[in-house]
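# Summary of the model geometry
Now for the letters of each chain:
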Number of protein chains: 2
Amino acid sequence: MEKIDIRRRNLLAGSAGAVVLLASSRLMAQEARPLPEYVAYKDADGLIVHSNNTIETLRSAQGVQPVTPDRLLYVRNNVTPPPASILEDRDAWEITFEGVGEPRTLTLGELKTMGVETMAMVLQCSGNGRAYFEHSPGGTPWQTGAAGCVMWTGVPLRTVVERLGGAVSGVRYVTGTGGEEIPEGIERLDVLVERSVPIEALDSIMLAWDMNGEPISLAHGGPLRMIVPGYTGVNNIKYINRLALTEDETDALIQATRYRIHPVGTEGSPEYPSVWEMAVKSWVTGPSESASAGMNQITGLAFGGMNAVESVEVSVDGGETWEAAEFIGPDLGRYAWRAFVLSKELEPGTYTIVSRATDSEGNQQPEETEPNEAGYNHNGWRRPGLEVSVA
Amino acid sequence: MEKIDIRRRNLLAGSAGAVVLLASSRLMAQEARPLPEYVAYKDADGLIVHSNNTIETLRSAQGVQPVTPDRLLYVRNNVTPPPASILEDRDAWEITFEGVGEPRTLTLGELKTMGVETMAMVLQCSGNGRAYFEHSPGGTPWQTGAAGCVMWTGVPLRTVVERLGGAVSGVRYVTGTGGEEIPEGIERLDVLVERSVPIEALDSIMLAWDMNGEPISLAHGGPLRMIVPGYTGVNNIKYINRLALTEDETDALIQATRYRIHPVGTEGSPEYPSVWEMAVKSWVTGPSESASAGMNQITGLAFGGMNAVESVEVSVDGGETWEAAEFIGPDLGRYAWRAFVLSKELEPGTYTIVSRATDSEGNQQPEETEPNEAGYNHNGWRRPGLEVSVA
């Protein structure tokens, strides 16, 4: 499918030019990468393949999409996914519950008899927007495309926990374990995908088997994934085979030292905040390079992380002056994103277009995000700006 | 992807047994049909291929899907779709506007600068449920699967009409013309896909270029489709290249004699009501054949046609007693469907499970639908019932 590639325009984007140029140079060298076999069904024209396990959506392909189709949803796997054979008999998939009154193992088929709910939510990699940090963090230089809005269907975790006798006393975390295979000769905790989130999330967590009305694909965690709405992608454990209510956080390095917010130049450790809740964020997705003078539709996407997004402003002069944008399409709920539009007459010239969202608690996107060593949780409004030439 | 095939259970379904057996026998003979090339990307395991231009979604694959993915959406083309080459330069697609103050031809690229909106809507073939009529109408024996809930993105027609000087006086219909090629030697009006809908629909019509966050596929009318929310599928003109506000309905046979509600045994003609607005409807989609005694989730889909769906009741004894079901997932608006669920303990035995929806105006599904010759607009609650054995 044809999609305008707006990567090039990012190179021109205001004060972020230097770092984005670096990031994009890396991308350019990789543009010819084909889609890996396990995601061969995806839309190559709408994606940037950074590596077999890191693929982002082109900003232009995000457009005003209310829900991101699997074909365009970003991919981020910390380790190689399990073999596709785990999807052959989905209902036979097993998950062990611990830290409850009656710990036991349930099949996915059994979970499906307990309850069913559907929830729309922004799935966003912790490192989305890393390319916009000036200190050039290591890791994938994601721009705006390591994020999508997805509809999950599954059973509320609280329903399952109640059926299993409730939480035992003293637990402070929900700890989920992924079913990826641990290669021989590697220290298990070094690669284990196991994350702990605060027990307060228990009420909103879902164990999901469908995504966007279809059984979850392998790339996105099928047959069963733990969904923690409002939390970054890494907390949403794919191929989950163990869910434990625990007193302490897991010792897996992905929790203990990685995915921590720590100062530039330091090493991650448990004393630093974990990458959990997402903050209010937005970015512009259009118009395209071919913008002509006259009426234009300035579009973008906005979400509130843990809170509903309340409003979005757009500036065409790099943040000097702002105008209110309008949301378009149905409201999919607190954890979803909303597309927005500002209809505006544009004279010939060059515009630096940025957007700034505010959530229902009054939190507003900052102009810049405080740097952190690994480049997590970017939500500043200035650097993802688009430079658009109107002729 | 694995999906339980619940076609077989339809054979057992209560009083509808005779007609559904007939319909399903026809299906069985066609089960081996492969997907035609232009929809090869679809999920064959979730679809019933009646012919190259008539493909329906398995009821089990519909499940509780909030939005129907393209891979599972039914296909119904009245004539062969245009060549895929029409998608090579989508923005160059042209549509001519007539019956407005300043009639002219616009490209899709120009339409995109005028405005953008997203709308969720049930897309349902006029003949969906035809298999449940006792008089065995001709035409495709659709069961529940010629329907989906789709998110369309495009420009409101009223925005375009306003930009073109408004409607001329005296117009009573919005008439859309499809861009299918008319084969040589065939009378144009015999095959032309051109439909007229009442001018009252003008305020809700959209000219759409995206479906579910992606450019509309060829099978579903890309690059540009007229969307008339609340109206049956045939009114949603694919590949639209002419939109006229007219004093009279088109003379194309698809309007004049076909898609009319007329008594069994009669011929269609303009004196009979056209198949336009949809009525309140629902059906059960689960549990699957493997239902075990104990807690079960009885699921289904419901919509109100022109009105929002307000409530759904479920009966497990063929309509003797009813219980209120709960909606699940976000409300996508007046024209969308909503998935519903009734959590219920089921003892071993055989159950006839039916559902009955009520819309926001108090209209309720009838037990049976008044027969009409061509088998349109079925919305009776009894015949789509599921016979479920619980062991």
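Because the structure is a prediction, the values reported are computed rather than measured.

### Observations concerning the overall build of chain A
For chain A, the helix and strand inventory stands at seven helices and 21 strands. In terms of overall dimensions, chain A is globule-like: its C-alpha atoms have a radius of gyration of 21 Å, near the 21 Å expected for 391 residues. Principal axes of the C-alpha set define a box for chain A whose edges measure 70 × 45 × 40 Å. For chain A, the exposed area adds up to about 14,100 Å²; of that, 48% sits on carbon and sulfur atoms. In chain A, 31 positive and 52 negative side-chain charges are present, and the distance between their average locations comes to 2 Å.

### What to know about the pattern of salt bridges
All names here are of chain A. Scanning all chains against the criterion turns up 29 salt bridges over all chains. Its salt-bridge partner being Asp70, residue Lys42 comes within 3.1 Å of it at the nearest N-O pair. Here Lys42, found in the loop between helix H2 (17-30) and strand E1 (47-51), pairs with Asp70, found in the loop between helix H3 (59-62) and strand E3 (75-76); they are 28 residues apart in sequence, far enough to count as distant. Look at Lys42 and you get buried, because its relative accessible area is 5%. Residue class for Asp70 comes out buried when judged on its relative accessible area of 17%.

### Notes on the domain arrangement of chain A
Residues and elements named next belong to chain A. Examined at the domain level, chain A breaks down into domain 1 (37-257) and domain 2 (281-390). Computed over C-alpha atoms, the centres of domain 1 and domain 2 are 27 Å apart. Taken together, the contact between domain 1 and domain 2 spans 34 residues of the former and 30 residues of the latter. Taken together, the two surfaces of domain 1 and domain 2 that pack against each other cover about 2,500 Å², and 63% of this comes from carbon and sulfur. Area buried by domain 1 at its contact with domain 2 is led by Arg59, Tyr132 and Phe133, which between them contribute 24% of it. If you look at where domain 1 meets domain 2, you find one salt bridge.

### Brief notes about the UniProt feature "domain: Oxidoreductase molybdopterin-binding" (unreviewed entry) in chain A
Mapped onto this structure's residue numbering, the UniProt feature "domain: Oxidoreductase molybdopterin-binding" (unreviewed entry) falls at residues 89-251 of chain A. Secondary structure content for residues 89-251 of chain A is 10% helix and 34% strand, and the end C-alpha separation is 31 Å.

### Comments concerning the nonpolar core
Counting residues in hydrophobic clusters, the biggest one holds 130 residues, and the most contacted among them are Phe97(A), Leu111(A), Leu207(A), Phe97(B), Leu111(B) and Leu207(B). Here Leu111(B) is in contact with Ile95(B), Phe97(B), Leu106(B), Val155(B), Val160(B), Leu207(B), Trp209(B) and Leu224(B), once residues within four sequence places are set aside.

### Looking at the packing of aromatic side chains
The geometry of two aromatic rings is summed up by the distance between their centres and the angle between their planes. Residue and element names in this part refer to chain B. Taken as a whole and assessed by the stated rule, the structure comprises 12 aromatic pairs over all chains. A ring pair is formed by Trp283 and Phe303, whose centres lie 6.1 Å apart and whose planes are at 85°; its orientation type is edge-to-face. Taken together, the residues span a long stretch of sequence, with Trp283 in strand E14 (residues 281-286) and Phe303 in strand E15 (residues 294-303) at a distance of 20 residues. According to the relative accessible area criterion, Trp283 is buried, its value standing at 2%. Overall, the relative accessible area of 1% leaves Phe303 in the buried class. A centroid spacing of 6.1 Å and a plane angle of 90° characterise the contact between Trp283 and Trp337, whose relative ring orientation is edge-to-face. Of the two residues, Trp283 sits in strand E14 while Trp337 sits in the loop between strand E18 (326-328) and strand E19 (338-346), which places them 54 residues apart along the sequence.

### Some remarks on the pairing of E1(A)
Residue and element names in this part refer to chain A. With respect to burial, E1 is a largely interior element, four of its five residues being buried. One ladder, built from four bridges, connects E1 with strand E2 (residues 54-57); its direction is antiparallel. Paired with Val49 across the strands is Ile55, a residue of E2. Hairpin connection, E1 to E2: the antiparallel pair is bridged by two residues.

### What to know about the sheet that holds E19(B)
Residue and element names in this part refer to chain B. One open sheet holds the four strands; their spatial order is E14-E15-E19-E18, and the pairing between them is antiparallel. Because the sheet does not close on itself, it has two edges, and the strands there are E14 and E18. The mean inter-strand angle of the sheet, taken between neighbouring strand axes irrespective of direction, is 35°. Inspection of the sheet shows E18 paired to E19 by three bridges, in the antiparallel sense. When the sheet's bridge partners are listed, Phe327 is paired in E19 with Phe340.

### Overview of the relation of the copies chain B and chain A
Under the fitted operation, chain B is carried onto chain A by 0.0 Å of movement along the axis and a turn of 180°, and the coordinates agree to an RMSD of 0.0 Å. Here the two chains are linked by the operation of a two-fold rotation axis. Relative to the rotation axis, the closest C-alpha in chain B is found at Leu332(B), a distance of 3.5 Å. By residue overlap, the copies meet face to face through one surface: 100% of the interface positions of chain B are interface positions in chain A.

### Quick look at the interface of chain B and chain A
Size of an interface: often given as the accessible area lost when the parts come together. At the interface, 38 residues of chain B touch 39 residues of chain A. Between chain B and chain A, the buried area comes to about 3,000 Å², and carbon and sulfur atoms account for 59% of it. On inspection of chain B and its partner chain A, the count reaches two salt bridges. As a salt-bridge pair, Glu214(B) and Arg71(A) come within 2.9 Å of each other at their nearest N and O atoms. Joining chain B to chain A, the criterion identifies 10 residue pairs in polar contact (both at pLDDT 80 or more). Those elements giving two or more residues to the side of chain B that touches chain A turn out to be strand E6 (117-124), strand E7 (147-156), strand E11 (214-215) and E15 of chain B. No other element matches the four residues that E15(B) contributes to the side of chain B that touches chain A. The class makeup of the residues in the side of chain B that touches chain A is 17 nonpolar, 11 polar and 10 charged.

Reading the values: rules and limits
Residues numbered from 1 in each chain as written. Chains lettered and ligands numbered in written order. Predicted model: local features only at pLDDT ≥ 70, side-chain atom pairs only at ≥ 80, totals over all residues. Heavy atoms only, no water. Helix = DSSP H or I, 4+ residues; strand = E, 2+ residues; numbered from the N terminus. Rg over C-alpha atoms; globule rule 2.2 N^0.38 Å. Areas by Shrake-Rupley, 256 points an atom, 1.4 Å probe, with all protein chains shown as cover. Lys, Arg positive; Asp, Glu negative; His and termini not counted. Charge placed at Lys NZ, Arg CZ, Asp CG, Glu CD. Salt bridge = Lys/Arg side-chain N within 4 Å of Asp/Glu carboxyl O. Buried < 20%, exposed > 50% of the residue type's maximum accessible area, 1.4 Å probe, protein only. Domains from an automatic or database assignment. Contact = heavy atoms within 4.5 Å. Buried area = accessible area lost by both parts, 1.4 Å probe. UniProt positions renumbered as here; feature names shortened; annotations may be inferred. Core = buried A, V, L, I, M, F, W, Y, C linked by side-chain atoms within 4.5 Å. Phe/Tyr/Trp six-rings, centres within 6.5 Å; stacked < 30°, edge-to-face > 60°. Pairing = 2+ DSSP bridges. Axes fitted to C-alpha atoms, helices over the stretch in contact; angles between N-to-C directions. Least-squares fit on C-alpha atoms with pLDDT ≥ 70 in both. Polar contact = N/O pair within 3.5 Å; in protein donor to acceptor, adjacent residues only side chain to side chain. Nonpolar A, V, L, I, M, F, W, Y, C, P; charged D, E, K, R; others polar.

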